[in-house]
Amino acid sequence: MGKDGHSRRDFIQTSVRASLFIAIGGLGALGASRATASHTVWQIDPFKCTQCGRCATECVMAESAVKCIHAYDICGYCDLCGGYLKPDANDRATGGENQLCPTAAISRNFIEEPYFEYVIDEALCIGCAKCVKGCTAFGNGSFHLQIRHDRCLDCNECAIARVCPSEAISRISIKKPYLIKGKFEVIPSVEPPKSSSKK
Amino acid sequence: MKNKGIGIFVVVIVVLIVVVVVIDALSNRTGKRGDNPYKLEIDQYYKVDPAMILYKEIRQIKLGDVKPLGLDYSNDRLYVLLNKSLKIVSPRGEELSNINLPDTARCIHVSGDLMYLGFTNYVGQFHIDGRQIKLWETLGEKAVITSIASKGDQVFVADAGNRSVLRYDTHGQLLGEFGGKRNIDDLHGFVIPSAYFDLDVYDDELWVVNPGMHALENYTDEGVLRGFWEKTSMKIEGFSGCCNPAQMTIAPDGTFITSEKGLVRIKAYKASGELIGIVSPPTNDSEETHAPEVAVDESGGVFALDFDRNMIRYFVKK
């Protein structure tokens, strides 16, 4: 017992409690910081993307986690689609020689004269951005690339982000994990034609 | 013996280093992979014969930080639409006045002392000093007014949302409407894939752009097709993409000045559709995507409203 009434045992008990408190607090803080970190995911800003094609080749996944997305609300449903047809295509038709996509991942469906709907088969898409570049250069820019989170491994350092020439890939909130075009469009877009039974 | 051992050790180390360097050089790890073999190359479409460029840029009028929305030229004045305001500047770039508007207009047509402004889905008629004369009836939620032109006591309004041209008198009374069908059996009329739908009047004749067909069409006042020319091509002599020409105006000598989006280029055509030459060649600038709105002065000089750089560029014949 000391002069001030505190024993060595009290001192040890207080120290142990303080250590436990600090340890629990530290673990909590660590957990909170990890939780915060996991609240972000990698994503491509479609307005910064320059369609360089590296998303297809640089992703650690054998088949890139990047896929082409179609913003239907800004698509023109054109017969002459810059994202579907080669710039020097012989015909506006579905023949393989006319198609821009190297894996035929885009299907062209007739809606009504002279409008067509373009649908992407993500299982076939390799994220090469060929259609995105064609659509952006010659069309409304409705095709754009996005990292699909059902495929993305969420690497600590994204291999594509590291080589992206336009720094279009960054971490964004998991609450809004996709940056879909269309919602950001300033110019009012024309309503797409209604589907008909002739499809 | 000792030296021989050191020599073997050094050789082994050197061989190991060479092997590591070679493996690294040949490896396929991220950051060292080759170019995408499927990359779309479109650089060829940006190259034009310099002899075809018949105009030179002699002036740029900066408009500040506010995004411009529309342009017209009349009587030595440039009328520039901004967000809920109209700026009037001289062709030299001096600001003459700034008029507040009740809403955001996206197109403007000046005729004599009157201005017609397209406020998304209704037309506003103003005096050129800014006094509001009348706001015409709205065309409904679907309407997107993209261009206005006039001829005598008739005003033509292009509505991209409803894919139609409306004809009014100067008091705002609707006289007629047509959708661009070339004949009664046609399955479609105007093809408007995006909100670009321009028209102009030259020599009392109404010319309407049919952007989805890459065509310029000449109509009677009632909407009967009189003639057209169309040119679909990625090459310089035609119109590329899904909806071009996005903008058009007709010079006093009858030259059609067209402006394209995507592959941004401004060109001059004869009324027959034959390419005369290039006003502004395409540039491989990823920040330049919007078709500049074009207007012409009495001498045939071309004003191009650059939406991407917030400026008016002025071109004259070389």
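For the structure, see preceding data.
Conventions used here
- Within every chain, residues take consecutive numbers counted from 1 along the sequence as written.
- A letter from A marks each chain and a number from 1 marks each ligand, given out in the order of writing.
- Where totals are concerned, whole chains, interfaces and linings use all residues; where local detail is concerned, this predicted model gives features only for residues with pLDDT of at least 70, and gives and counts side-chain atom pairs only at 80 or more.
- Water and hydrogen atoms were dropped before computing side-chain values, which therefore reflect all heavy atoms in the structure.
- Secondary structure follows DSSP: runs of H or I at least 4 residues long count as helices, runs of E at least 2 residues long count as strands, and numbering of each begins at the N terminus.
- A 1.4 Å probe rolled over the protein chains alone gives each residue an accessible area, and that area as a share of the maximum for its type sets the label: buried under 20%, exposed over 50%, partly exposed in between.
- The protein chains shown are the only cover counted for residues, whose accessible areas, like all others here, come from Shrake-Rupley with a 1.4 Å probe.
- The term salt bridge refers to a pairing of a side-chain nitrogen on Lys or Arg with a carboxyl oxygen on Asp or Glu at a separation within 4 Å.
- Here is the rule: rings of Phe, Tyr and Trp (six-membered ring for Trp) pair when centre to centre is within 6.5 Å. Planes less than 30 degrees apart are stacked, more than 60 are edge-to-face, and the remainder are tilted.
- Here the rule is simple: two strands pair whenever DSSP picks up at least two bridges between them.
- Buriedness of a pocket was judged along seven lines, with at least five required to meet protein on both sides within 12 Å; pockets are open sets of points on a 1 Å grid over the protein atoms alone, cavities are sets where a 1.4 Å probe fits but cannot get out, and lining residues have an atom within 4 Å of a point.
- Grid points are joined across faces, edges and corners, and a volume is the space filled by probe spheres set on the points.
- Residue polarity is assigned by list, with Asp, Glu, Lys and Arg as charged and Ala, Val, Leu, Ile, Met, Phe, Trp, Tyr, Cys and Pro as nonpolar; anything else, Gly included, falls into the polar class.
- Under the counting rule used here, the positive set is Lys and Arg, the negative set is Asp and Glu, and His together with the chain ends is not counted.
- Every axis corresponds to a line fitted to the C-alpha atoms, with the helix fit spanning only the stretch in contact, and the corresponding angles, defined between N-to-C directions, vary from 0 to 180 degrees.
- Note on contacts: a residue pair is in contact if any heavy atoms of the two residues lie within 4.5 Å.
- The term buried area denotes the loss of accessible surface (1.4 Å probe radius) that occurs when two parts are joined, taken as the sum for both partners.
- Counted as a polar contact is a pair of N or O atoms within 3.5 Å, where, for protein atoms, one must be capable of donating a hydrogen and the other of accepting one, and residues adjacent in sequence contribute only when both atoms are in side chains.

Student: Honestly, the overall build of chain A in this entry has me stumped. Any pointers?
Tutor: If you tally the helices and strands in chain A, you get 4 helices and 6 strands. Walking chain A from its N terminus toward its C terminus, one meets helices and strands in the order α-β-α-β-β-β-α-β-α-β. By the burial criterion, 41% of the 199 residues in chain A qualify as buried. For chain A, the accessible surface area stands at approximately 10800 Å², while carbon and sulfur atoms represent 56% of it.

Student: Where do I start with the pattern of salt bridges in this structure?
Tutor: Considering all chains together, one arrives at 16 salt bridges over all chains under this definition. A salt bridge links Lys87(B) to Glu95(B), with the nearest nitrogen and oxygen atoms 3.7 Å apart. Glu95(B) gets classed as partly exposed once you look at its relative accessible area, which sits at 45%. Linking Lys317(B) and Asp253(B) is a salt bridge whose minimum nitrogen-to-oxygen distance equals 3.5 Å. Here Lys317(B), found in strand S24 (residues 311-317), pairs with Asp253(B), found in the loop between strand S18 (247-250) and strand S19 (256-259); they are 64 residues apart in sequence, far enough to count as distant. You can call Lys317(B) partly exposed: its relative accessible area is 46%. Each of Asp79(A), Arg92(A) and Arg108(A) takes part in one network of salt bridges that share partners.

Student: Which parts of the structure should I look at to understand the packing of aromatic side chains?
Tutor: The geometry of two aromatic rings is summed up by the distance between their centres and the angle between their planes. All names here are of chain B. Scanning the entire structure with this criterion turns up 18 aromatic pairs over all chains. Centre to centre, the rings of Tyr-73 and Phe-303 are 5.4 Å apart; their planes meet at 20°, and the pair counts as stacked. Taken as a pair, Tyr-73 in strand S2 (residues 70-74) and Phe-303 in strand S23 (residues 302-306) lie far apart in primary sequence, 230 residues in all. For the pair formed by Tyr-73 and Phe-303, the shared burial category is buried. Taking 4.8 Å as the distance between ring centres and 80° as the angle between the ring planes, the aromatic pair formed by Trp-207 and Phe-256 counts as edge-to-face.

Student: Looking at this structure, I do not really get the pairing of strand S14 (residues 199-202) of chain B. What am I missing?
Tutor: A regular strand places its side chains so that they alternate between the two faces of the sheet. All names here are of chain B. As judged from the 4 bridges shared by S14 and strand S15 (residues 205-210), these two strands associate in the antiparallel manner. Note that in S15 the partner of Val-201 across the bridge is Leu-206. Connecting S14 to the antiparallel partner S15 that follows it, the hairpin turn spans 2 residues, and Asp-203 within it adopts a positive phi of roughly 55°.

Student: Explain the layout of surface pockets to me, please; I cannot follow it from the model alone.
Tutor: To find leftover empty space, a probe the size of one water molecule is rolled over the atoms. Residues and elements named next belong to chain B. Counted as a void, the second largest pocket has a volume near 550 Å³. Residue lining of the second largest pocket: 31 residues in total, with Asp-72, Tyr-73, Asp-200, Thr-249 and Ile-250 positioned closest to the centre. Residue contributions to the lining of the second largest pocket peak at 5 residues, all from strand S10 (residues 145-151). Partitioned by chemical class, the residues of the lining of the second largest pocket number 17 nonpolar, 7 polar and 7 charged.

Student: What should I look at first to understand the pairing of strand S17 (residues 225-230) of chain B in this one?
Tutor: All names here are of chain B. For strand S16 (residues 215-219) and S17, the ladder comprises 5 bridges, and the chain directions are antiparallel. What sits directly across from Leu-216, in S17, is Trp-229. Remark: 5 residues form the turn of the hairpin made by S16 and S17, two consecutive strands paired antiparallel; Gly-223 in that turn has positive phi of roughly 100°.

Student: Before we go on, may I ask you to explain the side chain of Arg163(B) in this structure?
Tutor: Within the secondary structure, Arg163(B) sits in the loop between strand S11 (154-159) and strand S12 (164-169). In this structure, Arg163(B) is buried with no salt-bridge partner, the nearest side chain bearing the opposite charge being Glu112(A) at 5.6 Å.

Student: Looking at this model, I keep getting lost on helix H3 (residues 130-138) of chain A. Mind explaining?
Tutor: An α-helical turn contains 3.6 residues, so any two residues separated by three or four positions project in the same direction. Most of H3(A) is tucked away, with 8 of its 9 residues classed as buried. Among all positions of H3(A), only Lys130(A), Cys131(A), Val132(A), Lys133(A), Gly134(A), Cys135(A), Ala137(A) and Phe138(A) are buried.

Student: It is not clear to me how the sheet that holds S17(B) should be interpreted in this structure. Could you clarify?
Tutor: In sheet architecture, strand pairing relies on hydrogen bonds along the backbone and comes in two forms, parallel and antiparallel. Residue and element names in this part refer to chain B. Pairing is antiparallel across the open sheet formed by 4 strands, whose spatial order is S14-S15-S16-S17. Since the sheet does not close on itself, it has two edges, and those belong to S14 and S17, each with one partner. Across the sheet, the mean angle from the axis of one strand to that of its neighbour is 25°, orientation sign disregarded.

Student: What should I look at first to understand the interface of chain A and chain B in this one?
Tutor: Many descriptions give the size of an interface as the accessible area lost when the pieces come together. Taken together, the contact between chain A and chain B spans 39 residues of the former and 39 residues of the latter. Roughly 3300 Å² of surface becomes buried between chain A and chain B when both sides are summed, with 63% attributable to carbon and sulfur atoms. The interface formed by chain A and chain B includes 0 salt bridges. Linking chain A with chain B are 7 residue pairs in polar contact (both at pLDDT 80 or more), by the criterion used here. Those elements that place two or more of their residues in the side of chain A that touches chain B are helix H2 (54-58), H3 and helix H4 (159-163) of chain A. If one sorts the elements of the side of chain A that touches chain B by residue count, H3(A) sits on top with 6 residues. Considering only residue class, the side of chain A that touches chain B consists of 23 nonpolar, 8 polar and 8 charged.

Student: It is not clear to me how the environment of Phe303(B) should be interpreted in this structure. Could you clarify?
Tutor: Residues and elements named next belong to chain B. The exposure class assigned to Phe-303 is buried, which follows from its relative accessible area of 0%. Along the sequence, Phe-303 and Asn-121 sit 182 residues apart, while their C-alpha atoms lie 26 Å from each other. Contacts of Phe-303, omitting those with residues within four sequence positions, involve Leu-71, Tyr-73, Leu-78, Pro-91, Glu-293, Val-294, Ala-295, Asp-297, Ile-312, Arg-313 and Tyr-314.

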